[in-house]
Every structure is written in structure tokens, then in C-alpha cells.
Amino acid sequence: MLLAVVVVGLLVSLWHGGLRCLLSLRIALGWLVLLALAIQAYGVYGLPAAGLTFPIVLGAGGVAKLRALIFSASSVLLLLVLWRNRHLGGMGLIALGLGLNLAVMLANGGFMPITPEVVTQIGHLERVYPSEVGLLVGGSKGIVLLREQTRLWFLSDILILSSRAYSPGDLILWVGLFVFLQGGSSPLAWLKRASGRCRRRGEQGAT
């Protein structure tokens, strides 16, 4: 779904001239985005389901706790980049969506809650495995919790689209990403595009 948002956003941006402005933007601390995504990918796909121990810092069998710490740390790094570039269109919505996801994850041990019913509906039962913190969903940031066990349930993965589960924060983040892809400006500027103005806006806050 994220890929679809990016493709549609770029096509719309190309249509009204925003792509030129997007390419001219200077993203402050942009390298942190790559670092955060790499860390998050390692947490999702790089760590084994079990077998590692961290007796000093995280306790015996703390691989799940390390995974939760990685998810939280990567989100904080992304929020830092979003704050630094808050003058760009869409960054506020992206930060709001990411912040909501981080809030529900922190409230549930660092993982994104998903109910057994939703896991069954999207056909991911075979990915569920036990850990020292509960039932986790492989290849994701999810933890299986009953609705009554979930803190901030309404912010968890409760929305099913195309056989995948998403949170309200995800939807807000996608809207913000779409807006950003229009050249980092407000929607009112999309039809009044001026390349010089876009360059100045992209450079704003980077100095």
C-alpha cells in the first residue's frame, strides 16, 4: 500500500509540476532517514526469532526486547528528521501518523498490537511465533493481543486493506507522504507552481 501511495503521489506531482520542485528540495538530516529505515529493517527481518541472549542489559532471552527497542529508536530518529523539516508540506501529517503509531507501540511493550481475529482474516497465522514477551508476528512489528488486553486499541492495526492490516496512524502518514510528494508545498500551491519559489522553499530551514 505504501508503494501505491508513492507511485500515485509521484504521478500526480508530475502532472502539476511538483516533481521538479520535489527534486530540488534539500532535506535536513536526510541521512538519518536511511539510518532509521535500515535499523527498522534489521529489527523486522535481521534478528532471529530466538536464540540470542542479553543477560546484562535486557535479561536472558531478550531478543524480542531488543526488537522492540529498535522499533522505538528508529521511530524517534524519523520524528527528529520530520521536526527539522517541519517547514515542508506534509511533514506535520507524517509526524502525526508516526507519533500515533509510536504511542500505541510504547503502550504495548514496543510492538504494534493486532488481534487474533485480524491475524486470521489477513491469513498470517503461520507467521505467529512465541517469544518471551508474547506472540509476535514474523516479518512485521506486530504482537498478538486480545482487544481487552490492548492499550489504545483504536490506534492499533484494526484496518484491513488488500489482505493487510493497518493502523489509523498509517493512513495519516500516507496522506502526509502524498502531500510531501507534491513538492513539499501546500495543496493550494500545486496549481500555482513556480520553480524559483520551490527552490527557495526547499532551501528554507536547511541553513
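Residues numbered from 1 in each chain as written. Predicted model: local features only at pLDDT ≥ 70, side-chain atom pairs only at ≥ 80, totals over all residues. Heavy atoms only, no water.

(A) View of helix H1 (residues 2-16). For H1, built from 15 residues, the straight-helix expectation of 21 Å at 1.5 Å per residue is met to within 8% by its first-to-last C-alpha distance of 21 Å. Looking at the buried side of H1, the elements it contacts are helix H2 (18-24) and helix H7 (168-180). Gly17 lies just past H1 and shows a positive phi near 90°. (Helix = DSSP H or I, 4+ residues; strand = E, 2+ residues; numbered from the N terminus. Expected span 1.5 Å × (residues − 1). Contact = heavy atoms within 4.5 Å.)

(B) Quick peek at the side chain of Gln40. Among the structural elements, Gln40 can be located in helix H3 (residues 30-46). Beyond its immediate sequence surroundings of up to four residues, Gln40 is in contact with Ile70, Phe71, Ser74 and Lys141.

(C) Representation of the packing of aromatic side chains in the model. Counted by the stated rule, this structure contains two aromatic pairs. For the ring pair Phe71 and Phe111, a centre distance of 6.0 Å and an interplane angle of 85° mean the geometry is edge-to-face. With Phe71 in helix H4 (residues 63-84) and Phe111 in the loop between helix H5 (91-106) and strand S1 (112-114), the pair connects residues that are 40 residues apart, well separated along the chain. Side by side, Phe71 and Phe111 carry an identical accessibility label, which is buried. An angle of 75° between the planes, with centres 4.9 Å apart, marks the rings of Tyr166 and Trp174 as edge-to-face. The residues Tyr166 and Trp174 share a single accessibility class, namely buried. Seen from the ring of Trp83, Arg86 lies directly overhead, with NZ or CZ sitting 4.0 Å from the centre. Above the plane of the ring of Trp153 lies Arg147, whose end atom (NZ or CZ) is 3.6 Å from the centre. (Phe/Tyr/Trp six-rings, centres within 6.5 Å; stacked < 30°, edge-to-face > 60°. Buried < 20%, exposed > 50% of the residue type's maximum accessible area, 1.4 Å probe, protein only. Lys NZ or Arg CZ within 6 Å of the ring centre and 35° of its normal.)

(D) Geometry of the nonpolar core. Within the largest apolar cluster, 17 residues are counted, with the highest numbers of intra-cluster contacts made by Phe71, Phe111 and Leu136. Secondary structure elements with two or more residues in this core: H4 and H5. Of all the elements, H4 adds the most residues to this core, at six residues. Among all residues touching Leu136, those that are not within four sequence positions of it are Ala64, Phe111, Arg127, Val128, Tyr129, Ser131, Gly142 and Ile143. Grouped together as the second largest cluster of nonpolar side chains are 16 residues, Leu22, Leu78, Leu98 and Trp174 included. (Core = buried A, V, L, I, M, F, W, Y, C linked by side-chain atoms within 4.5 Å.)

(E) Representation of unusual backbone geometry in the model. Despite not being glycine, Leu152 shows a phi value in the positive range, around 55°. Notably, Ser162 is not glycine yet its phi reads approximately 55°, a positive angle. Among the structural elements, Ser162 can be located in the loop between strand S5 (159-161) and strand S6 (164-166).

(F) Broad picture of a nonpolar patch on the surface. Residues Leu29, Trp31, Leu35 and Leu80 make up a contiguous nonpolar surface patch of about 380 Å² in total accessible area. Within the secondary structure layout, Leu35 lies in helix H3. (Patch = residues over 30% accessible without salt bridge, like charges linked within 9 Å, V, L, I, M, F, W, Y side chains within 5 Å. Areas by Shrake-Rupley, 256 points an atom, 1.4 Å probe, with all protein chains shown as cover. Salt bridge = Lys/Arg side-chain N within 4 Å of Asp/Glu carboxyl O.)

(G) Focus on the packing of H1 against H7. Axis separation between H1 and H7 bottoms out at 8 Å; the angle between their running directions is 25°. The angle between H1 and H7 falls in the class roughly parallel. The hand of the H1/H7 crossing is right-handed. On H7, the residues touching Leu2, Val5, Val6, Val8, Gly9 and Val12 of H1 are Trp174, Leu177 and Phe178. (Axes fitted to C-alpha atoms, helices over the stretch in contact; angles between N-to-C directions. Parallel < 35°, antiparallel > 145°, perpendicular 65-115°, else oblique. Left-handed = near helix turned anticlockwise from the far one by under 90°.)

(H) How the structure looks around the confidence of the model for the protein chain. Averaged over all residues, the pLDDT of the protein chain equals 85, while 82% of them reach at least 70. Taken as a whole, residues 51-61 scores under 50 in pLDDT and shows 16 contacts with residues more than four places along the chain or in a different chain. (pLDDT = per-residue confidence, 0-100.)

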